[in-house]
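# Coordinate analysis (summary)
Residue-level listing of the chains:
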2 protein chains.
Amino acid sequence: MSRIAYVAGQYLPHRQAAVHIEDRGFQFADGVYEVISVVGGRLVDAERHLKRLKRSLGELRIPAPLGDAALGIVLHEVIRRNGVDTGIVYLQVTRGAAPREHAFPKAAKPTLVVTSRRSRPPDPRLGDDGIAVITIPDIRWQRCDIKSVALIANVLGKQQAREKGAYEAWQVDQVGQVTEGTSTNAWIVTCDGAVVTRPADFGILRGITRTVLLDVIAEQGLKFEERPFTMDEAYTAREAFITSATQFVTPVVRLDGRPVGNGAPGLIATALRRDFHDHAEIA
Amino acid sequence: MSRIAYVAGQYLPHRQAAVHIEDRGFQFADGVYEVISVVGGRLVDAERHLKRLKRSLGELRIPAPLGDAALGIVLHEVIRRNGVDTGIVYLQVTRGAAPREHAFPKAAKPTLVVTSRRSRPPDPRLGDDGIAVITIPDIRWQRCDIKSVALIANVLGKQQAREKGAYEAWQVDQVGQVTEGTSTNAWIVTCDGAVVTRPADFGILRGITRTVLLDVIAEQGLKFEERPFTMDEAYTAREAFITSATQFVTPVVRLDGRPVGNGAPGLIATALRRDFHDHAEIA
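Residues numbered from 1 in each chain as written. Chains lettered and ligands numbered in written order. Predicted model: local features only at pLDDT ≥ 70, side-chain atom pairs only at ≥ 80, totals over all residues. Heavy atoms only, no water.

## Describing the sheet that holds strand S7 (residues 111–118) of chain A
Pairing between the strands of a sheet is mediated by backbone hydrogen bonds and can be parallel or antiparallel. All names here are of chain A. Ordered by their spatial adjacency, six strands build an open sheet running S2-S1-S7-S6-S4-S5, and the pairing between neighbours is antiparallel. The outermost strands of the open sheet, each flanked by one partner alone, are strand S2 (10–13) and strand S5 (42–43). Against the sheet, helix H3 (residues 68–81) engages strand S1 (4–7), S2, strand S4 (31–39), S5, strand S6 (87–94) and S7, with an angle of about 35 degrees to S7. (Pairing = 2+ DSSP bridges. Helix = DSSP H or I, 4+ residues; strand = E, 2+ residues; numbered from the N terminus. Contact = heavy atoms within 4.5 Å. Axes fitted to C-alpha atoms, helices over the stretch in contact; angles between N-to-C directions.)

Here it is, written out as structure tokens:
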């Protein structure tokens, strides 16, 4: 089955799927995106993702390219045409194509691109073995709450992680507090058993998995503190973990080369990883 | 004459000029660009622009898509095919197309896009009347020395300026000092006649016009201070102006609605605007 992409109203063979060179997504990073997990051919937490998409578009004042119902149809159609049972759907909306000029064009029509591909479910080894994380300065712009495609700093950070044999890089702000990973949210469990993650302010993305996990934590009656934490706290934490829409909850066992806790995946992270699935909404 | 664009090895009708939806320029802002003025069919300060392009590529570790000679040929060919006598040439290099994944792909080939269009020479009214500038917080990433296409903050800033009837927005850092405009460098002339502009650190782009103007200032024996300045200094400055590759030197006569100096273009800005052309290298 050859891959199909949706681009601005058409379903095209993936190889031919293109946008104009003056698309503002290409020239200005003037666009936003979402990545949604697909399980059993169905979208995971679609409603929350589409709500966040609307918010991102609103903050950039990009009109929605399609109504909710039509967008839902396109997402499902792209999944269907690509025969995706387990995988992801990627959608990107830009301000559209227009002669290059920084200010908003008067007459551009937003571009919607949707792709989908199969992937293995979250790698069980990541859960069993845990991952290594490094830290880097957070050099990104100050509106990381908007899920924009201006991801060059995230790209450089992820690459640094890869080159140091780590899975992710945690970004640290100017006062020494962790903001988030380059494509994941960051969490620790303190020595007295409190789960800690940074509030969703302008400095981080309000991760969907992060939001769902807050419900799980509340239901399980775990001690929880929504506040920034420093790397010193992280180094001495009992556990650490990351969350993302594609890998859900993944334990961190090394931070900047030092073992976290006893160097094995933590009990709370492991339990949250196990329980997460029951709480995601699959539509 | 229909417009022609160069895209990854081909000269294409502008309308059909496209990049793949998985080009990393579109999905990650993983690319850099240059805008070069064209005067009499020839490039202005080409050598400096291409040197800066190389530096930007080097900082992002994107291989050069073409050697210097070949790139020069493409630039001139695009200018020629579009019949541009006075205008600009735009070139963009991205890390290329690859399945979406933050870290650098192993096998992507950089994408080179070149366009050119006619435009009027720098608007004389801008020089005669001067422009209005507003100020906004600088929310961009911390590597603005790299001329990346991650321009969404610049887009939002320029749009704010437009909506307030201004030509440009000066961005102010967290300690109250001006970094630069959204697509121009920022300058003031103090009450004692010193021309002041911020050093080209990680916080601003090393503008080509800025660099050339430093030579002009030195040759004319003007008093010069390369240091950050605050908005308080700017409000009480004798003159203010901006520089860019397309508008050269342009006087600022209003800052946040207040007149600069006596509210008319300053003597030094006007003289620098007049003299700038003699110093640009046209190749």
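## Notes on the pairing of strand S8 (residues 131–137) of chain B
All names here are of chain B. The sheet contact formed by S8 and strand S15 (residues 248–255) spans three bridges and is parallel. Considered in S15, the bridge of Ile 131 is made with Val 252. Here five bridges tie S8 to strand S9 (residues 168–172), and the two strands are oriented parallel to one another. Paired with Ile 136 across the strands is Gln 171, a residue of S9.

## A word on the pattern of salt bridges
In the structure shown here, the tally under the stated rule is 46 salt bridges over all chains. With its nearest N and O atoms 3.1 Å apart, the salt bridge here joins Arg 162 of chain B to Glu 101 of chain A. Of this pair, Arg 162 of chain B sits in helix H5 (residues 152–163) while Glu 101 of chain A sits in the loop between S6 and S7, each in a different chain. Residue classification places Arg 162 of chain B among the partly exposed positions, given a relative accessible area of 34%. For Glu 101 of chain A, a relative accessible area of 35% puts it in the partly exposed group. In this structure, the salt-bridge partner of Arg 140 of chain B is Glu 180 of chain B, at a minimum N-O distance of 3.0 Å. One end of the pair, Arg 140 of chain B, is in the loop between S8 and H5; the other, Glu 180 of chain B, is in strand S10 (residues 178–181), with 40 residues separating them in the sequence. Here the salt bridges do not stand alone but share partners, grouping Arg 55, Glu 59, Arg 143 and Asp 145 of chain A into one network. (Salt bridge = Lys/Arg side-chain N within 4 Å of Asp/Glu carboxyl O. Buried < 20%, exposed > 50% of the residue type's maximum accessible area, 1.4 Å probe, protein only.)

## Re the domain arrangement of chain A
Residues and elements named next belong to chain A. We note that the domain assignment places domain 1 (4–118) and domain 2 (124–278) within chain A. Taken over C-alpha atoms, the centre of domain 1 sits 27 Å from the centre of domain 2. Contact with domain 1, which involves 18 residues of that partner, is made by 18 residues of domain 2. Summing both partners gives a buried area of about 1,600 Å² for domain 1 against domain 2, and 63% of it is carried by carbon and sulfur. Across the domain 1-domain 2 interface, the total number found is three salt bridges. A salt bridge links Asp 145 to Arg 55; the nearest nitrogen and oxygen atoms lie 2.8 Å apart. Our count for the contact surface shared by domain 1 and domain 2 stands at seven residue pairs in polar contact (both at pLDDT 80 or more). (Domains from an automatic or database assignment. Buried area = accessible area lost by both parts, 1.4 Å probe. Polar contact = N/O pair within 3.5 Å; in protein donor to acceptor, adjacent residues only side chain to side chain.)

## Some words on the packing of aromatic side chains
In the structure shown here, the tally under the stated rule is 10 aromatic pairs over all chains. Here the aromatic rings of Trp 187 of chain A and Phe 241 of chain A are separated by 5.3 Å at their centres, their planes lie at 15 degrees, and the arrangement is stacked. Highlighted residues: Trp 187 of chain A in strand S11 (residues 185–189) and Phe 241 of chain A in strand S14 (residues 239–244), separated in sequence by 54 residues. Taken individually, Trp 187 of chain A and Phe 241 of chain A each receive the classification buried, so the pair is uniform in this respect. Between Trp 170 of chain B and Phe 229 of chain B, the aromatic rings sit 5.9 Å apart at their centres with planes inclined by 65 degrees, giving edge-to-face as the arrangement. A residue pair is termed long-range when its members are at least 10 positions apart, and Trp 170 of chain B in strand S9 and Phe 229 of chain B in the loop between strand S13 (224–226) and helix H7 (231–235) qualify at 59 residues. With a relative accessible area of 1%, Phe 229 of chain B lands in the buried category. (Phe/Tyr/Trp six-rings, centres within 6.5 Å; stacked < 30°, edge-to-face > 60°.)

## What to know about helix H5 (residues 152–163) of chain A
Between its first and last C-alpha, H5 of chain A extends 17 Å over 12 residues, near the 16 Å set by a 1.5 Å rise per residue. A large share of H5 of chain A lies buried, amounting to nine of its 12 residues. Every buried residue of H5 of chain A is listed here: Ile 152, Ala 153, Asn 154, Val 155, Leu 156, Gly 157, Lys 158, Gln 159 and Ala 161 of chain A. Each element contacted by the buried residues of H5 of chain A is listed here: strand S8 (131–137) and strand S9 (168–172) of chain A together with helix H1 (24–28) and helix H2 (46–60) of chain B. Once H5 of chain A finishes, Gly 165 of chain A follows within two positions and takes phi at roughly 70 degrees, a positive value. (Expected span 1.5 Å × (residues − 1).)

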